[in-house]
Each structure stands twice: as C-alpha cells, then as structure tokens.
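# Architecture and fold: a report
Residues per chain, in single letters:
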Amino acid sequence: MAGRKPLISGNWKMNHTHLEAIAVVQKLAYSLSPADYERAEVSVHPAFTALRSVQTLLEADNIPIALGAQDVHPADSGAFTGEVSPVMLAKLNVSYVIVGHSERRQLFGETDEQVNQKLLAVLKHQMSPILCVGETLEEREAGQTEAKVLGQLQAGLAGVSAQAMGRVVIAYEPIWAIGTGRNASPEDAQAVCKAARSALGERFGTAVAAQVRVQYGGSVTPANISALMAQEDIDGALVGGASLDAEKFAQIVRW
Ligand code: PGA
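Residues numbered from 1 in each chain as written. Predicted model: local features only at pLDDT ≥ 70, side-chain atom pairs only at ≥ 80, totals over all residues. Heavy atoms only, no water.

Neighbouring the ligand are 13 residues; K13, H101, E173, G179 and S219 lie closest to it. A distance of 2.8 Å separates an oxygen atom of the ligand from a polar atom in the backbone of G240. Separating an oxygen atom of the ligand from a backbone N or O atom of G241 is a distance of 2.8 Å. Calculation on the ligand without its partners gives an accessible area of 280 Å², and the protein chains cover 95% of this total. For the shell around the ligand, a count of residues per class yields 4 nonpolar, 7 polar and 2 charged. (Near = heavy atom within 4 Å. Polar contact = N/O pair within 3.5 Å; in protein donor to acceptor, adjacent residues only side chain to side chain. Areas by Shrake-Rupley, 256 points an atom, 1.4 Å probe, with all protein chains shown as cover. Nonpolar A, V, L, I, M, F, W, Y, C, P; charged D, E, K, R; others polar.)

Formed by 70 residues in total, the largest nonpolar core has its most connected members in I8, L157 and I170. At 6 residues, the largest contribution of residues to this core is made by helix α9 (residues 186-204). Ranked by size, the runner-up nonpolar core spans 9 residues in total, among them A66, I98, I130 and L238. (Core = buried A, V, L, I, M, F, W, Y, C linked by side-chain atoms within 4.5 Å. Buried < 20%, exposed > 50% of the residue type's maximum accessible area, 1.4 Å probe, protein only. Helix = DSSP H or I, 4+ residues; strand = E, 2+ residues; numbered from the N terminus.)

It is worth spelling out unusual backbone geometry at this point. Phi is positive for N62, close to 50°, though the residue is something other than glycine. With respect to the secondary-structure elements, N62 resides in the loop between α3 (48-60) and β3 (66-69). Positive phi outside glycine occurs at S219, with the angle close to 55°. Within the element layout of this structure, S219 appears in the loop between β7 (213-217) and α11 (225-229).

Put into structure tokens, the structure is as follows:
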C-alpha cells in the first residue's frame with residue numbers, strides 16, 4: 001500500500017433502481033465517518049439511470065464518496081444508439097469509470113482494443129479509468145495467469161503517457177473469483193498485483209508505477225478484506241455483490 005491511498009469501489013452492476021441507489025448511499029454515508037474517508041477513498045458505481053440521483057445526493061449533503069460509472073463509449077457524441085459518452089459522464093461529476101470489466105469482455109465481446117479506446121476517452125475527459133484485467137480458470141490452471149494479465153495491461157494502456165498514468169487505477173479480478181464466492185488467496189492476488197506493478201515499472205518507470213493503485217476484485221467480503229489489504233501491492237478493492245448492501249460495504253471500507 002506504501003503511500004498510496006486505498007480506493008474501495010462498489011460496482012453495483014445491473015442492480016438498484018435510482019430510488020434504491022439513493023437509499024444505499026444514504027445508509028452508507030450514515031455509517032461512514034470522517035476517519036473512514038481519511039483512511040480510504042470510496043467510490044460507488046451505480047447503473048447509468050441512477051447516476052444523476054446519486055450525484056445530486058452526494059453534492060447536496062457534502063458526502064465525500066466519489067461517483068463512478070461502470071462503462072462508457074469512446075466517442076464524445078454521435079449515432080451510437082443506447083450508448084453513454086464520456087462527455088455525459090464528466091458533466092455528472094463522475095470521477096471513476098470502470099473499463100474492460102470481465103463481464104463486458106465475456107458477455108458483450110469487448111476487445112482489448114475497445115477497452116483501450118474507452119480508457120483513453122476517460123482520460124481525455126479528466127476522469128480516472130479503473131482498468132480491469134484477469135484470467136479465466138483455464139488460463140490459471142494452464143499457468144498463463146501472468147501472461148494474460150500483463151497482455152491485457154499492455155493492450156489496455158496503449159498510448160497512455162507516464163503523466164496520465166497517475167490517474168489510472170488497475171483492478172486485478174480473476175474471472176473465476178467474480179460472483180462465485182471463491183476468492184483468490186491473498187498471496188496469489190498479491191503475486192499478480194506485484195507482477196502488474198513491475199510491468200508498469202518497466203513501461204512507465206518505477207516512480208510512476210509506485211504511485212499506481214492496484215485493486216483486487218472477486219468475491220471480496222467483510223471477512224476476507226483485511227487479509228487482502230495487508231498485501232504490499234493491493235491498494236483497495238473492486239467489490240460487486242457485497243457492495244449492494246450498505247452495511248456490508250461499510251464494513252469493507254473500514255476493513
Ligand atoms: P463480486 O464482483 O465482488 O460480486 O465477485 C466483483 C466485480 O465483478 O467487480
């Protein structure tokens with residue numbers, strides 16, 4: 001963690017209407033104290049339909065939780081029915097945008113190249129991308145974890161300057177651990193996060209790599225967060241299921 005402020009992010013996926021989202025954020029704000037926000041940065045990533053409501057609540061009540069989105073289209077505007085642009089997100093004061101989540105890659109066929117375009121678009125509009133990378137179970141069993149993760153990193157970060165890297169967050173999410181209740185052991189997660197950081201070091205220099213926050217994601221719960229956060233190269237978590245409930249998510253934030 002060495003000097004990097006942890007980032008705990010709640011990825012709500014396709015859950016919570018805007019009314020439910022407001023209720024969860026209100027409960028979360030009630031549970032968290034200034035000391036909690038001091039120790040870790042917190043972001044919530046509601047569905048697009050709830051962004052405006054959550055933004056309004058955060059700003060009206062001065063709640064220091066960052067607003068995040070789950071995806072974005074790379075173009076500023078245009079004939080892309082059903083898509084949401086980075087301009088629209090920036091206007092809602094979105095701070096973090098998840099790109100390349102494995103569900104987008106697997107269920108919607110997103111390629112590394114598309115993920116890279118999205119990441120560059122997020123940076124162009126002064127927001128921070130959370131770039132998700134991770135291997136399948138078959139890849140892990142075949143000993144290809146590092147090759148897969150480092151390949152996704154390399155491709156996802158094409159065209160990014162060392163300076164812009166200061167705004168990029170990496171989320172290592174082994175696909176077999178997402179939503180399965182089967183999390184990577186803290187040591188295994190650490191090994192991959194460390195490899196990712198050293199690859200960033202080779203590409204951008206060790207000083208830049210030392211500043212980049214690397215989250216772990218995949219079945220993070222109040223019970224396993226402490227052991228994960230104790231690892232040197234893990235600087236936070238991208239939490240799915242357990243972030244839907246305000247009390248559970250608050251417990252994770254307070255690990
Ligand atoms: P999970 O999801 O915590 O439900 O495993 C994590 C993610 O997909 O970001």
